[in-house]
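Examining the three-dimensional arrangement
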Amino acid sequence: MTTDLETRAAAARPGAPRRAAPALLGYAAVRALGLVVLALWSEARGTSAYTLLTARWDSLWYTRVAELGYGYEVRLPNGDVHSNLAFFPLLPWLERLAAAVSPLSYADGGFVVSLLASLAAAWGIFAVADHLYGPRAGVCAVLLWAVLPVGIVQSMAYSESLFTALAAWALYAVLTGRWVTAGLLAGLAGLTRPVGLAVVAAVWAAGAAAFLRERAGSSFVGDGSAVPAGGARGDGHAGPPPDAPRTGAPYGAPQQPHSPGVRLRRAAGMLLAPLGAAGYVLWVGARTGDGPLGYLEVQAGWRNGFDGGYAFARFVAGRFTSFPSALAGVALIAGVALVVWLYVLCVRRRQPLPLLVYAGTVTALALCASSYFGSKPRLLMPAFPLLLPLALVLARARTRLLAAGLGAAAAASAAYGAFWLNGSGPP
């Protein structure tokens, strides 16, 4: 039986970066392909690939916050007010820091932060998948995230890569019992995007579950069958069984559940987790004079809100008014069904509670918000636990077949990203 102390020692071994190296090299290759294809495509169209990555859509709002601070807004003819208070501050802070310590512009800083954060996100995704299912599944999970159709956003001066990095490492910290680290990372995620709520919910759900198990006096062992290090299976096949996370103390719970030190660290992590999001939301409310709900008023000016998916359902239904657009409607329904199916697989294959809570919250906020519908694919991008069931399937494939399939997906993702950014883009 693996103890929490042994789990921490294994996770912190000096060779961990080398263990993640294949995933990071594969991820870098996919992203490099996407950037090269974007550059060639943009050159053929007479546009600037770098401008598309750093100075369009939300990127402009982030750099404006970095340069001038908050207070800028645009009033539209229909009465809507687009305020830069809608954009959380961590990415602009990092852009400002990069410009202060280097000759980079704010836009350059955002691009560099995004590139570095995307690598950190890939490493964090690998760490979570490797911890649960072994390194081969970890590599597959990272590459699946890299070849998403909207994967080019990972290289833009947007906050998705930064948020995913913070979320992935926060979840890894929860899984390995580093509660204070999890709380700090969740707090930073809450300063990055409104969906930081999902990371907070994951930390709180795991913490509450651990407290309840302690109160029940149960000893802690993980769900599923034990998976030896390296992902080898007892039946002689490569990779772990599809529904078998590694045995061990869930969420870093101790084998001696009533340890005061562990409970104190867990409580500290839970208290730290919401401070980032709560602090910014309360600051916006104080600045606008609208109190605790002030941030919701800011979002309403962008026509963003949570309506349970009603507006999105109406949008999809509207695609069936004519034959060509009906095909788009069918594709949208198939996409939503795929996301829901993947989440059901995550539940059936017994993913740890914090991953289920995180992925479920990200998915619900993306699909049930009344925001611009073209942005929903990128809003779903941080929900990487949804990819783990597919990663487990790919981990059992032959290496040659796996390389061919992921290579084709990378090429398709690169082509679509170049087409997308030179077209409607990801507002």
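Here we summarise the structure given alongside this text. (Residues numbered from 1 in each chain as written. Predicted model: local features only at pLDDT ≥ 70, side-chain atom pairs only at ≥ 80, totals over all residues. Heavy atoms only, no water.)

As a further point, take the environment of P382. Following the sequence through the fold, P382 ends up in the loop between α17 (376-380) and α18 (388-395). For P382, a relative accessible area of 2% puts it in the buried group. With 19 residues separating them in the primary sequence, P382 and T363 have C-alpha atoms 9.2 Å apart. (Helix = DSSP H or I, 4+ residues; strand = E, 2+ residues; numbered from the N terminus. Buried < 20%, exposed > 50% of the residue type's maximum accessible area, 1.4 Å probe, protein only.)

Considering all chains together, one arrives at 18 aromatic pairs under this definition. Plain terms: the ring middles of F88 and Y295 are 5.3 Å apart, the flat faces sit at 85 degrees to each other, and that makes the pair edge-to-face. Of this pair, F88 sits in the loop between β2 (81-83) and α5 (90-101) while Y295 sits in helix α13 (residues 294-301), and the two are 207 residues apart along the sequence. Of the two residues, F88 and Y295, both sit in the buried class. Judged by centre distance (6.0 Å) and plane angle (45 degrees), the rings of Y358 and F384 are tilted. Of this pair, Y358 sits in helix α16 (residues 353-367) while F384 sits in the loop between α17 and α18, and the two are 26 residues apart along the sequence. (Phe/Tyr/Trp six-rings, centres within 6.5 Å; stacked < 30°, edge-to-face > 60°.)

Side chains of L104, V112, L116 and L119 sit close together on the surface and give an oily, nonpolar patch of about 310 Å² of accessible area. Topologically, L104 is positioned in the loop between α5 and α6 (106-133). Overall, L104 belongs to the partly exposed group, its relative accessible area being 31%. (Patch = residues over 30% accessible without salt bridge, like charges linked within 9 Å, V, L, I, M, F, W, Y side chains within 5 Å. Areas by Shrake-Rupley, 256 points an atom, 1.4 Å probe, with all protein chains shown as cover. Salt bridge = Lys/Arg side-chain N within 4 Å of Asp/Glu carboxyl O.)

This part takes up the layout of surface pockets. Each pocket or cavity is described by its volume, and for the second largest pocket that value is around 1,000 Å³. Along its surface, the second largest pocket is lined by 35 residues, and V150, G335, K376, P377 and L380 are the ones closest to its centre. Put simply, the parts of the chain that give the lining of the second largest pocket at least two residues each are α14 (310-318), α15 (323-348), α17 and α19 (399-421). If you tally residues by element for the lining of the second largest pocket, the top one is α15, at 9 residues. Across the lining of the second largest pocket, the residue classes tally to 27 nonpolar, 6 polar and 2 charged. (1 Å grid on protein atoms, 1.4 Å probe; cavity = no way out; pocket = protein on both sides within 12 Å on 5 of 7 lines; lining within 4 Å. Points joined across faces, edges and corners; volume = space filled by probe spheres on them. Nonpolar A, V, L, I, M, F, W, Y, C, P; charged D, E, K, R; others polar.)

The tally for this structure, following the rule as stated, stands at 1 cavity of 30 Å³ or more. Lining the largest cavity are V30, R31, G34, A146, A410, S413 and A414. Going through the elements one at a time, α2 (16-45) and α19 are the ones with two or more residues in the lining of the largest cavity. Tallied by class, residues from the lining of the largest cavity come to 4 nonpolar, 2 polar and 1 charged.

In this section: the pattern of salt bridges. With the rule as written, the count across this model stands at 7 salt bridges. The residue D130 makes a salt bridge to R19 at a minimum N-O spacing of 2.5 Å. A residue pair is termed long-range when its members are at least 10 positions apart, and D130 in helix α6 and R19 in helix α2 qualify at 111 residues. With a closest N to O distance of 3.3 Å, E160 and R193 form a salt bridge. Placement of E160 in helix α8 (residues 160-175) and of R193 in the loop between α9 (179-190) and α10 (196-216) is noted, with a sequence separation of 33 residues between them. Here the two residues E160 and R193 agree in accessibility, since each one is buried. Ionic contacts of the salt-bridge type, sharing partners, join the residues D58, E160, R193 and R378 into one network.

Our focus in this paragraph is the nonpolar core. Within the largest apolar cluster, 108 residues are counted, with the highest numbers of intra-cluster contacts made by W145, Y358 and L421. With near-sequence residues (within four places) excluded, W145 lies in contact with Y27, S118, A121, A122, I125, Q154, T164, M381, F384 and L387. (Core = buried A, V, L, I, M, F, W, Y, C linked by side-chain atoms within 4.5 Å. Contact = heavy atoms within 4.5 Å.)

With a phi close to 55 degrees, W57 is a non-glycine residue in the positive phi region. Topologically, W57 is positioned in the loop between α3 (49-54) and α4 (58-68). At R303, a residue that is not glycine, the phi angle is positive and equals roughly 60 degrees. Counting through the fold element by element, R303 comes out in the loop between α13 and α14. The class of R303 is exposed, set by a relative accessible area of 53%.

A few words on the packing of α10 against α16. Following both chains from N to C, one finds α10 and α16 inclined at 150 degrees, their axes separated by 8 Å at the closest point. Here α16 runs roughly antiparallel to α10, going by the angle between their axes. In the crossing of α10 with α16, the sense of the turn from one axis to the other is right-handed. Residues A198, V199, A201, A202, A205, A206 and A209 of α10 pack against L353, P354, V357, Y358, T361 and V362 of α16. (Axes fitted to C-alpha atoms, helices over the stretch in contact; angles between N-to-C directions. Parallel < 35°, antiparallel > 145°, perpendicular 65-115°, else oblique. Left-handed = near helix turned anticlockwise from the far one by under 90°.)

By themselves, these observations are geometric and do not establish any function.
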